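If you want the building blocks of each chain, they are given just below.
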Amino acid sequence: MNSVNIKKSIPYFLLLAVTLIGYWQIAFLYRPLKWDMIDCYYPWRYFVGNCLQHNLLPLWNPYQCLGYPIHADPQSGAWYPVVWIIGYVFGYDTYTISAEFILHIFLASVGMYQLGKALSFNSKVAFFIAVSYMLSGFFVGNAQHLGYIISGTWIPFILA
């Protein structure tokens, strides 16, 4: 790896470090996520992952509301590729849903950094914008709403 590639990857390693430090209680499993994340998103993700591990499409969830089409609920993550990868490879538990949350926070900062660079800001300003975005009240205040976190993750990539 040449020095140019290493220099270009330094901001991403720093963003990862800031993500782990800023959300250390979740990243290092000191505290679990709460409320809707455990009561709502975790059972859906667990069910989708369990279906995928048994080579079934997650179409119908018989365990909630006397059965409902989980594939038609956009919050369930039944068609979200990240859920498919985590669910199929690892399965879902409180650790993997925390890892998914941290992954999305990190990706949000990467997207905002790239958006800053696309808007012709210098690297330091783009880095500051990315850190401000990932530590903003939107992500901290909506840590229980995984759908909001996922939306906030991909918006900078779309705008860039």
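Note that the coordinates shown come from a computational prediction; the quantities given were computed from them, not determined experimentally.

S.K.: Before we go on, may I ask you to explain the overall build of the protein in this structure?
M.R.: When its secondary structure is counted, the protein shows eight helices and zero strands. Starting at the N terminus and walking to the C terminus, you meet the elements of the protein as α-α-α-α-α-α-α-α. For the C-alpha atoms alone, the extent of the protein along its principal axes is close to 55 × 30 × 30 Å. For the protein, the proportion of contacts with a sequence separation of at least 24, taken over those separated by at least 6, is 63%.

S.K.: Looking at this structure, how should I read unusual backbone geometry?
M.R.: A negative phi angle is the norm for most residues apart from glycine, just as the trans form is the norm for most peptide bonds. With phi around 60°, Leu29 is a residue other than glycine that occupies positive phi space. The topology assignment puts Leu29 in the loop between helix H2 (24-27) and helix H3 (36-53). If you check the backbone angles, Trp35 has positive phi at about 50° while not being a glycine. Take Trp35: it is sitting in the loop between H2 and H3. Accessibility expressed as a relative area gives 56% for Trp35, which makes it exposed.

S.K.: Help me out: how do you make sense of the pattern of salt bridges in this one?
M.R.: Where charged atoms from two side chains of opposite charge come close, those side chains can pair. As enumerated under the stated definition, the model contains one salt bridge in all. Across the salt bridge formed by Glu100 and Arg45, the nearest N and O atoms sit 3.2 Å from each other. Note that Glu100 is positioned in helix H5 (residues 94-118) and Arg45 in helix H3, a separation of 55 residues in sequence. Classification of Glu100 as buried rests on a relative accessible area of 0%.

S.K.: What exactly am I supposed to notice about the side chain of Ser76 here?
M.R.: If you trace the backbone, Ser76 turns up in the loop between H3 and helix H4 (81-89). From its side chain, Ser76 meets the backbone oxygen of Ile70 in a polar contact 2.9 Å long. Separated by 3.3 Å, the side chain of Ser76 and the backbone nitrogen of Ala78 make a polar contact. Discounting residues that sit within four places of it in the chain, Ser76 has contacts with Trp44, Arg45, Val48 and Ile70.

S.K.: Got a minute to help me understand the nonpolar core in this structure?
M.R.: General note: in soluble globular proteins, nonpolar side chains tend to be found buried as a group. In this structure, Leu15, Met37, Phe101, Ile105 and Phe139 are the most contacted members of the largest nonpolar core, which totals 39 residues. The set of elements that each furnish at least two residues to this core consists of H3, H4, H5, helix H6 (123-134) and helix H8 (146-159). The leading source of residues in this core is H5, at ten residues. Leaving out residues up to four positions away in the same chain, Phe139 has contacts with Tyr23, Phe101, Ile105, Ala108, Tyr133, Met134, Ile149, Gly152 and Thr153.

How each quantity is defined
- Residues numbered from 1 in each chain as written.
- Predicted model: local features only at pLDDT ≥ 70, side-chain atom pairs only at ≥ 80, totals over all residues.
- Heavy atoms only, no water.
- Helix = DSSP H or I, 4+ residues; strand = E, 2+ residues; numbered from the N terminus.
- Contact = heavy atoms within 4.5 Å.
- Buried < 20%, exposed > 50% of the residue type's maximum accessible area, 1.4 Å probe, protein only.
- Salt bridge = Lys/Arg side-chain N within 4 Å of Asp/Glu carboxyl O.
- Polar contact = N/O pair within 3.5 Å; in protein donor to acceptor, adjacent residues only side chain to side chain.
- Core = buried A, V, L, I, M, F, W, Y, C linked by side-chain atoms within 4.5 Å.

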